[in-house]
Amino acid sequence: MTSNRTCLSALAMLLASVSLPATSNATVTVLGWPGGSEETALRAAVETYNGTSGVADADKVDLLFFNREGFYDKLQADMAAGSTAFDINLVATYSIGRYAPYMEPIDLGSEAEKTFGDAVLKTMQFEGKQYGVPTDLSLHFMYYRKDLMDALMQDEAGKKKYAEISQQFLGKALQPKDPDSWTWDDWAATSLYFSKQVNSESPVRYGTVLQMKNLLFNMMVFQSLPRAYGGDWTDKDGNVTVDSDAYRTGLELYKTLYDAGASPKDSLSYEYPETNAAFSSGQAATALQWNAAAADLTNPETSPAVAGVTGIVAPPAGPNGRADHIHGLGLGLNKNAKNKEGATRFLKWLATEEAALAYARSGGSPALVPEVVAKVAEARPDLVKLGEFASKYGYVMNGATSANALSIYELQAKEFTGYWAGQQSLDEALANTKSGMQTLLKK
């Protein structure tokens, strides 16, 4: 009796937590991410597909949505139990390894690379196999104050001060540059120059806004710095390489800026919203921030102090060039799908230019190659930089699609924030991180 009651209770909870598909002839069911632009864009894309000539009634698509709360845990539980409630399921770059045992790799066809490019397709790969179509991408922009930089480039006394400050803190006398040509040292020098605590004549209080909270997503923002110096999680043989000169350089540079007052003292509690608030207040010269912030930081209604003077470039360069962390949401094939053939046909269509443009025009954020994004550039200018940066500079760390990728980010956040806060040495932070990563990557 107890077992029956438990089963009935579980069934009731399942029915309450999903939006059941409407009655139709659809036999391909897609489990998507609920709410926001992702759902809106997916609904539009499905409508386009279902209305396409040649798509049989038996292959038409219907949509299914769980609640956001507990989505990923519920998805894993359902897939592990062999659920056939959906043929296609949502997947994210940092969770592919978690779901791969319950999914089938897919061949997206020749159009996929022509639509997205190789770097973007890799956000949906695990152990060399393609597990999904990349529908929405996230990466980072370097936001900066154009008015401040323009004024500095014309100020000879300011240039002299800039060189003195960079010599004092970075050991080299630098000169101001166009932000699109910045190295990480140039960005650091600029951040120091525009900080009141370093330069009392600075027109703003802070040179930058660092996201240093003990939070896994902050590690994604930070890691493009060591990546530009050749850093990675592991080498080609799977050996953890986080205790490297590249990571040491990046971690030390953040701490130099924080200790000098180039970023607010409460930066150790900062993440996405605090960074947006600080930059939009008009009291920061730069901010490395998610691309999603562009809509707010360049909007006169939400950020009147900076909207008209905010420039956007890719993250600065290191010895290994520029690097921009990318991860995405996508859709892949459930191993227990009832209609694998129909599901595969839809996924291949979703990877075509036609589908990607329909998705973009409806509010989605796909990263597209320049030739494709040009066709929606007027309506979606933000996607131009998104696609350009992803294609040129996008990367996924070795191991960052593993089953324990999120746990690794959490480990790094704990150890690196501890170092920045002065709670442990750099050697201790890196040793702890390396040890923890070795354990997590073995599981």
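Note: the structure precedes this text.
Residues numbered from 1 in each chain as written. Predicted model: local features only at pLDDT ≥ 70, side-chain atom pairs only at ≥ 80, totals over all residues. Heavy atoms only, no water.

Attention now moves to the overall build of the chain. A tally of helices and strands in the chain yields 20 helices and 16 strands. For a compact globule of 443 residues, the expected C-alpha radius of gyration is about 22 Å, and the chain comes in at 23 Å, within 12% of that figure. The buried share of the chain, taken over its 443 residues, is 55%. Computing the positive centroid from 39 side-chain charges and the negative centroid from 51, the chain places the two 3 Å apart. (Helix = DSSP H or I, 4+ residues; strand = E, 2+ residues; numbered from the N terminus. Rg over C-alpha atoms; globule rule 2.2 N^0.38 Å. Buried < 20%, exposed > 50% of the residue type's maximum accessible area, 1.4 Å probe, protein only. Lys, Arg positive; Asp, Glu negative; His and termini not counted. Charge placed at Lys NZ, Arg CZ, Asp CG, Glu CD.)

For the pair helix α2 (residues 36–50) and helix α15 (residues 340–350), the least separation of the axes is 11 Å and the interaxial angle reads 110 degrees. Taken together, α2 and α15 sit at an angle that is classed as roughly perpendicular. In this structure, α2 meets α15 at a crossing whose hand is right-handed. Here A45, V46, T48 and Y49 of α2 lie close against α15, whose contacting residues are G342, R345, F346, W349 and L350. Each residue belonging to the contact of α2 with α15 can be placed in one class, and the counts come to six nonpolar, two polar and one charged. (Axes fitted to C-alpha atoms, helices over the stretch in contact; angles between N-to-C directions. Parallel < 35°, antiparallel > 145°, perpendicular 65-115°, else oblique. Left-handed = near helix turned anticlockwise from the far one by under 90°. Contact = heavy atoms within 4.5 Å. Nonpolar A, V, L, I, M, F, W, Y, C, P; charged D, E, K, R; others polar.)

On to empty space enclosed by the protein, then. Counted under the stated rule, the structure contains four cavities of 30 Å³ or more. Taken as a whole, the largest cavity encloses approximately 60 Å³ of empty space. Residue assignment for the lining of the largest cavity shows that the elements contributing at least two residues are α2, β8 (133–138) and β15 (327–334). Top element by residues in the lining of the largest cavity is β15. It accounts for three residues. Broken down by class, the residue content of the lining of the largest cavity amounts to six nonpolar, three polar and two charged. (1 Å grid on protein atoms, 1.4 Å probe; cavity = no way out; pocket = protein on both sides within 12 Å on 5 of 7 lines; lining within 4 Å. Points joined across faces, edges and corners; volume = space filled by probe spheres on them.)

Approximately 940 Å³ is the volume attributed to the largest pocket. Lining the largest pocket are 33 residues, and of these E38, Y94, S138, H327 and L329 lie nearest its centre. Contributions of two or more residues to the lining of the largest pocket are made by α2, β8, α10 (216–222), α14 (294–297), β15 and α18 (381–393). Space inside the second largest pocket adds up to approximately 490 Å³. Together, 23 residues line the second largest pocket, and E127, M397, N398, G399 and T401 are the ones closest to its centre. Among the secondary structure elements, those contributing two or more residues to the lining of the second largest pocket are α6 (118–121), β6 (125–126), β16 (394–395) and α20 (426–442). When the residues that make up the lining of the second largest pocket are grouped by side-chain class, the tally is ten nonpolar, nine polar and four charged.

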